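# Observations on chain architecture
One letter stands for each residue in the lines below.
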Amino acid sequence: MTPDTLVDTVCPKIASLGAAFYFLPGTVSRGKELGLDGFRFYFLGRGGVLGDVDARVIQSAFGYFNGPLVDKIWTSAKERSQVGPRDAAREYLKCAHDLARDKLTGLPELGAFNEAAAAVNAAADPAGLALYAGISAEPVPGDAPAAAYHHIIQHREFRGSAHLVAVIASGLTAEMAHRIKRPADLATFGWTEDVTPTDADRAMLGAAEDLTDQLVLPAYSVLDEAGRTALVDGINAIEKAFA
């Protein structure tokens, strides 16, 4: 398996799995205990790794949300929350860790998977990747199930942050990229439906996808064949367990 094949294989699964805990009942329930609805806990929980920053910083890191929506949700979340953004982020991650302990305990693939995933994170360059830099600064849990899911969340933010850079570098706006990839979620992200992407926009997004792969490839290339196999086998086992 080549590094390119590895990226093609694991990154789509990481994108899906890394977001699986966002709005589960347990996560939403913990948010309510902190004074937050599900959407505000998502904003403060995911963005809180950046600290108590202005909404414009969150807009920059998240990328695909309309600015006024970010300002409204982020600002009101900080006002309503019983804890600060950094602590909210840690509570959000605890929800992920608890989910992993429930779903992944006993999986034999986790040891080798964690070793491989940690090697990729260690090799990833956080320059220009604010959200990834924030999540990568959070400590990895000591138990294998929670560590595995923590690594997946880190990997998701790694590629997601790199993709946002690639979108802009390819000449596309983050708004238009979102319109192409998730047209059913425009209102949720604060956009209207009165703009139609062009063929040129779609071509730029294709170029951005290719550039994203190039940006993350060096980190995944540090793995030898055994490490690549461990990452694939682990992500497949985790995906099955979550299903």
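See the structure above.
These numbers were taken from a predicted model, which means no experiment stands behind them.

Let us now look at the environment of Asp 210. Counting through the fold element by element, Asp 210 comes out in helix H11 (residues 199–220). Since its relative accessible area comes to 49%, Asp 210 is described here as partly exposed. Counting along the chain gives 47 residues from Asp 210 to His 163, while the straight-line C-alpha distance between them is 9.4 Å.

This brings us to the packing of helix H2 (residues 25–33) against helix H6 (residues 85–104). For the pair H2 and H6, the least separation of the axes is 9 Å and the interaxial angle reads 150°. By the angle between their axes, H2 is roughly antiparallel relative to H6. In terms of crossing hand, the pair formed by H2 and H6 is right-handed. Residues Gly 26, Thr 27 and Arg 30 of H2 pack against Glu 91, Tyr 92 and Cys 95 of H6. Its residues assigned to classes, the contact of H2 with H6 shows 2 nonpolar, 2 polar and 2 charged.

Inspection of the entire model under this criterion finds 1 cavity of 30 Å³ or more. The volume enclosed by the largest cavity comes to roughly 100 Å³. Lining the largest cavity we find Phe 21, Tyr 22, Gly 45, Arg 46, Val 49, Ala 89, Tyr 92, Leu 93, Leu 131, Ile 135, Ile 153 and Glu 157. Those elements that provide at least two residues to the lining of the largest cavity are helix H3 (38–47), H6, helix H8 (130–136) and helix H9 (144–169).

Within the fold, His 151 resides in helix H9. The buried category is assigned to His 151, whose relative accessible area is 6%. A distance of 3.4 Å separates polar atoms of two side chains, one belonging to His 151 and the other to Asn 121. Among all residues touching His 151, those that are not within four sequence positions of it are Asn 114, Ala 117, Ala 118, Asn 121 and Val 140.

Where burial is concerned, most of helix H10 (residues 174–181) is hidden: 6 out of the 8 residues are buried. Considered for burial, the residues of H10 that qualify are Ala 174, Met 176, Ala 177, His 178, Arg 179 and Ile 180. Elements in contact with the buried residues of H10: H9 and H11.

One way to put it is that helix H1 (residues 3–17) packs onto H9 with a least axis distance of 9 Å and a crossing angle of 110°. What the angle tells us is that H1 and H9 run roughly perpendicular. Where H1 abuts H9, its residues Cys 11, Ile 14, Ala 15 and Leu 17 lie against Tyr 149, Ile 152, His 155, Arg 156 and Arg 159. Per-class residue counts for the contact of H1 with H9 are 6 nonpolar, 1 polar and 2 charged.

Volume-wise, the largest pocket comes out at about 770 Å³. Every element with two or more residues in the lining of the largest pocket is listed here: H1, H3, helix H4 (55–62), H9 and H10. A total of 8 residues in the lining of the largest pocket trace back to one element, the largest contributor, which is H9. When the residues that make up the lining of the largest pocket are grouped by side-chain class, the tally is 15 nonpolar, 6 polar and 8 charged. Considered as a void within the structure, the second largest pocket measures approximately 170 Å³ in volume. In terms of lining residues, the second largest pocket is bounded by Ala 123, Ala 124, Asp 125, Ala 127, Leu 129, Phe 158, Ala 162, Val 165, Leu 215, Pro 218 and Ala 219. Elements with a contribution of two residues or more to the lining of the second largest pocket: H9 and H11.

The rules behind these values
- Residues numbered from 1 in each chain as written.
- Predicted model: local features only at pLDDT ≥ 70, side-chain atom pairs only at ≥ 80, totals over all residues.
- Heavy atoms only, no water.
- Helix = DSSP H or I, 4+ residues; strand = E, 2+ residues; numbered from the N terminus.
- Buried < 20%, exposed > 50% of the residue type's maximum accessible area, 1.4 Å probe, protein only.
- Axes fitted to C-alpha atoms, helices over the stretch in contact; angles between N-to-C directions.
- Parallel < 35°, antiparallel > 145°, perpendicular 65-115°, else oblique.
- Left-handed = near helix turned anticlockwise from the far one by under 90°.
- Contact = heavy atoms within 4.5 Å.
- Nonpolar A, V, L, I, M, F, W, Y, C, P; charged D, E, K, R; others polar.
- 1 Å grid on protein atoms, 1.4 Å probe; cavity = no way out; pocket = protein on both sides within 12 Å on 5 of 7 lines; lining within 4 Å.
- Points joined across faces, edges and corners; volume = space filled by probe spheres on them.
- Polar contact = N/O pair within 3.5 Å; in protein donor to acceptor, adjacent residues only side chain to side chain.

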